[in-house]
Amino acid sequence: MKYTVMNKMLLLLILGTFGLQAQEVVTADSTGVVKSNDSLMVVKPLAKDSIKPFKRYKAEGVSAVVGEFVILDSDIDKAYVEMKSQGVSIEDVSRCQLMGKLMEDKLYAHQAKQDSIMVPDAEINGMIDQQMQYMISELGSEEKVAEYYRKDNIADLRKDLFEVNKNIKLANLMQQKIIEKLEVTPEETRTFFFSIPEDERPVFGAEIEIAQIVVEPEVTEKAKQDVISKLNQIRADIIDNGASFSTKAVLYSKDPGSASKGGLYTGVKRDSPWAKEFKDTAFSLLEGEISEPFETDFGYHILYVEKIRGQEVDVRHILMFPEVSQESIDKAKTKMEDIRNKIASGEMTFAEAARQFSDDKETRNNGGQLVNPVSFDTKFDLTKMDPTLSAQVYNLTEGELSKVITDRDYTGKSKLKILTVTKKYQEHPADYVKDYERIQKLALREKQIKVINDWQNDKIDETYISINQDYQDCEYAGNWLKKSN
């Protein structure tokens, strides 16, 4: 089963995954090449936290105590249940591995509290609000979300999410504090690379650089005015006739993240990642007021301020989009074909055409060059990139133009685009000169892991740790059982 955003979020909540981990649930071959979703790293093979086969334990049992934190057998059971429910194979994930991972998370969180690292409750609640909004948009309602997570009600789920998110955040801040000043020198990078036997050096996968030109079908003034008129009618019905804003949002709003809950978004702040126009409107209204229709990059809105809480506001909104006529779509397609012909004939380069014609604000000034949202550079690993984009460029040779492609965003809005591969990098063994930056990152990664491991073992010695007899036979990566060397 393919991972979705929901899968990744569930694994984050289940396993407490964050940033760097001293003990990751990954595999290493005999060469010490470790593969994870984030990068290829070369480290000494980690001790595998396994021995005990998967079997059920009594849910009420205490598995371990780390500082002030308790780990229950049921915590591990819940992790397995959630992983299985998402189609994640548990065949190679032992209870010992999960126990080791949970103990690491608790150790970081415990030490963060000892070091007076604080996380405001408001920040955690904001994270939970975003998670809940996403889960409701995926599953349909609060009741379905609570049922999915085997909770009696949404309040119980929020309580659990609060503790999980707070501990993850504390652990994350603790790890950042440990490694924040680490750097690797050119000499350390060189030593790292040439200490790896030549036949064991990492192989970097095939990568490509991609550019695009996007043309959006024109939205006519009539279509815009039709949407504004519809929003004004809804607004008038609410103000003059006492109609429910929440009901209108359920019936008419095109926002998948809030429509099912009456357009509600809670805890909107001035520095929240919302459109500027949305925030400006939210903070310009008094409690109980409804805005005039206004436009953002996402469409047209009306907004109702439900509650003002200091520097935060709870709002409801209704989002609608103008209809794009088939005539506008046909015109855009003709324009895109003309642009493609100009590039193919050599009349202009792809980069020149992107700067002159592309409607995509993020890429046009850079000649249409796409930036990898994970690494923030221009290279995309073919095995890790978005499957839809990968399919569109997979068979293109360097410099070849794609056909005109029609894409639709979550609003159903059509966009036309052409793509080209500006550079291809074949799979190859690491080369010190050509791949220096990537090798430097691996060297830093190894140094960070070593520092994290050293820190962890020091703190294990200083921290009260009690492990149930059922888990005494596990082979942990850290000295959790405090055995003498």
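That block above? That's the structure.
Model, not experiment: these values are computed from the prediction.

**Q** Explanation requested: the overall build of the protein chain in the structure shown.
**A** Scanning the protein chain from terminus to terminus reveals 14 helices and 16 strands. In the protein chain, buried positions account for 46% of the 485 residues. Looking at the protein chain alone, contacts between residues at least 24 apart form 67% of all its contacts between residues at least 6 apart. For the protein chain, the accessible surface area stands at approximately 26,300 Å², while carbon and sulfur atoms represent 49% of it.

**Q** Hey, could you run me through the pairing of strand S8 (residues 264-268) in this one?
**A** Consecutive side chains along a regular strand alternate between the two faces of the sheet. Buried residues dominate S8, accounting for four of its five residues. Of the strand pairs in this sheet, S8 and strand S11 (residues 312-320) are connected by three bridges, and their pairing is antiparallel. Note on S11: the bridge partner recorded for Leu264 is Arg316.

**Q** What exactly am I supposed to notice about the pattern of salt bridges here?
**A** When the charged atoms of two side chains with opposite charge come close together, those side chains can pair. One pass over the structure, following the stated rule, counts 23 salt bridges. For Glu312, the salt bridge goes to Arg309, with nearest N and O atoms at 3.4 Å. Residue Glu312 is classed as buried on the basis of its relative accessible area of 14%. With its nearest N and O atoms 2.7 Å apart, the salt bridge here joins Asp338 to Lys342. One end of the pair is Asp338 and the other is Lys342, both in helix H11 (residues 326-344) and four residues apart, which spans about a single turn. Among the residues examined, Asp338 registers a relative accessible area of 40% and is labelled partly exposed. Each of Lys269, Arg309, Glu312 and Asp314 takes part in a single network of salt bridges with overlapping partners.

**Q** Sorry if this is basic, but what is going on with the environment of Gln97 here?
**A** Position of Gln97 among the secondary structure elements: in helix H3 (residues 95-114). With a relative accessible area of 8%, Gln97 lands in the buried category. The spacing of Gln97 and Glu475 is 378 residues in sequence and 8.9 Å in space, taken between C-alpha atoms. Within the local environment of Gln97, its side chain forms a polar contact with the backbone nitrogen of Ser94, the two atoms lying 2.9 Å apart.

**Q** Sorry, what's going on with the side chain of Lys459 here?
**A** Mapped onto the elements, Lys459 comes out in helix H14 (residues 436-462). In this structure Lys459 touches Leu107 and Gln111, once residues within four positions along its chain are discounted.

**Q** Just checking my understanding: could you explain the layout of surface pockets for this structure?
**A** Here the idea is plain: a probe the size of a water molecule rolls over the atoms and shows the empty space left. When its volume is computed, the second largest pocket comes out at roughly 1,100 Å³. Lining the second largest pocket we find 32 residues, and of these Gln130, Gln133, Tyr265, Pro273 and Trp274 sit closest to its centre. Going through the elements one at a time, helix H4 (121-139), S8, strand S10 (299-309) and S11 are the ones with two or more residues in the lining of the second largest pocket. Per-element tally for the lining of the second largest pocket: the top contributor is H4, with 10 residues.

**Q** How should I be thinking about the packing of helix H8 (residues 221-241) against helix H9 (residues 245-252) in this particular structure?
**A** Think of two packed helices as two axes; the pair is described by the angle between the axes and how far apart they sit. The interhelical angle for the contact between H8 and H9, taken along N-to-C directions, is 150°, at an axis separation of 10 Å. Regarding the angle of H8 to H9, the classification is roughly antiparallel. Helix-helix and strand crossings are classified by hand; for H8 and H9 the assignment is right-handed. Residue-level inspection shows Lys230, Ile234, Asp237 and Ile238 of H8 in contact with H9, the latter providing Phe245, Lys248 and Tyr252. Counted by class, the contact of H8 with H9 contains four nonpolar, no polar and three charged residues.

**Q** Help me understand the sheet that holds strand S16 (residues 465-467) in this model?
**A** Backbone hydrogen bonds are what pair the strands of a sheet, in a parallel or an antiparallel way. Judged by pairing direction, the sheet is antiparallel, and its three strands sit side by side in the order S5-S4-S16 without closing on themselves. The sheet is open, and its two borders are formed by strand S5 (69-72) and S16, each paired with just one other strand. Mean inter-strand twist for the sheet, computed between neighbouring axes without regard to direction, equals 15°. Sheet analysis places strand S4 (residues 62-66) next to S16, joined by three bridges and oriented antiparallel. From the neighbouring strand, Val66 faces S16, where its bridge partner is Ile465.

**Q** When you look at H3 in this model, what are you seeing that I'm missing?
**A** Every α-helix carries 3.6 residues per turn, so stepping three or four residues along brings you back to the same face. Taking 1.5 Å per residue as the helical rise, H3 with its 20 residues ought to reach 28 Å, and the 28 Å between its terminal C-alpha atoms agrees with that figure. Where burial is concerned, most of H3 is hidden: 18 out of the 20 residues are buried. Of the residues one or two after H3, Ser116 is the one with positive phi, at around 60°.

**Q** Teacher, can you tell me more about the packing of aromatic side chains here?
**A** Each aromatic ring pair is summarised here by two numbers: the centre-to-centre distance and the angle between the ring planes. Inspection of the entire model under this criterion finds nine aromatic pairs. Look at Phe194 and Tyr432: their rings are 5.3 Å apart centre to centre, the planes differ by 50°, and that puts the pair in the tilted class. Of this pair, Phe194 sits in helix H7 (residues 186-194) while Tyr432 sits in the loop between strand S15 (428-429) and H14; the two residues are 238 residues apart in sequence, bridging distant segments of the chain. Relative accessible area serves as the criterion here: at 43%, Phe194 is assigned to the partly exposed category. Judged by relative accessible area, Tyr432 falls into the buried class, the value being 18%.

**Q** Help me understand the packing of H7 against H14 in this model?
**A** Packing of H7 against H14 brings their axes to within 9 Å, and their N-to-C directions diverge by 90°. One finds that H7 runs roughly perpendicular with respect to H14. Between H7 and H14, the residues in contact are Pro186, Glu188, Thr189, Phe192 and Phe193 and Tyr436, Ile439, Gln440, Leu442, Ala443, Glu446 and Lys447, respectively.

**Q** Would you mind going over unusual backbone geometry with me for this structure?
**A** Most peptide bonds take the trans configuration, and most residues that are not glycine carry a negative phi. Despite not being glycine, Ser116 shows a phi value in the positive range, around 60°. By secondary structure assignment, the location of Ser116 is in the loop between H3 and H4.

Cut-offs applied
- Within any chain, residue numbers begin from 1 and follow the written order of that chain's sequence.
- Given that this is a predicted model, residues contribute local features only at a pLDDT of at least 70 and side-chain atom pairs are listed and counted only at 80 or more, while totals for whole chains, interfaces and linings are drawn from all residues.
- Each side-chain value is derived from all of the structure's non-hydrogen atoms; neither hydrogens nor water enter the calculation.
- A run of H or I in DSSP counts as a helix once it spans at least four residues, and a run of E counts as a strand once it spans at least two, with each numbered from the N terminus.
- Relative accessibility decides the category of a residue: with a 1.4 Å probe and only protein chains considered, values under 20% of the type maximum give buried, values over 50% give exposed, and everything between is partly exposed.
- Contacts are assigned to residue pairs that have any heavy atoms within 4.5 Å of one another.
- Per-residue and other accessible areas were derived by the Shrake-Rupley procedure at a 1.4 Å probe size, with only the shown protein chains allowed to occlude residues.
- For two strands to pair, DSSP has to find at least two bridges joining them.
- Here, a salt bridge means any Lys or Arg side-chain nitrogen found within 4 Å of an Asp or Glu carboxyl oxygen.
- Whenever two N or O atoms come within 3.5 Å, that pair is a polar contact, provided that in protein one can donate a hydrogen and the other can accept it, and provided that, for residues adjacent in sequence, both atoms are side-chain atoms.
- Lining residues are defined by having an atom within 4 Å of a point belonging to a cavity or pocket. Those points lie on a 1 Å grid over the protein atoms alone, cavities being sets where a 1.4 Å probe fits but cannot get out and pockets being open sets with protein on both sides within 12 Å along at least five of seven lines.
- Grid points are joined across faces, edges and corners, and a volume is the space filled by probe spheres set on the points.
- Lines fitted to the C-alpha atoms define the axes, with helices restricted to the stretch that makes contact. Angles between their N-to-C directions range from 0 to 180 degrees.
- Angles below 35 degrees are treated as roughly parallel, those above 145 as roughly antiparallel, those between 65 and 115 as roughly perpendicular, and all remaining angles as oblique.
- A clockwise turn of the near helix away from the far one marks a right-handed crossing, whereas an anticlockwise turn of less than a right angle marks a left-handed crossing.
- Lys, Arg, Asp and Glu make up the charged group, whereas Ala, Val, Leu, Ile, Met, Phe, Trp, Tyr, Cys and Pro make up the nonpolar group; the residues left over, Gly among them, are polar.
- Here, expected helix span is obtained from the residue count minus one, scaled by 1.5 Å.
- Aromatic contacts are taken between Phe, Tyr and Trp rings whose centres are within 6.5 Å, Trp giving its six-membered ring; a plane angle under 30 degrees counts as stacked, one over 60 as edge-to-face, and the others as tilted.

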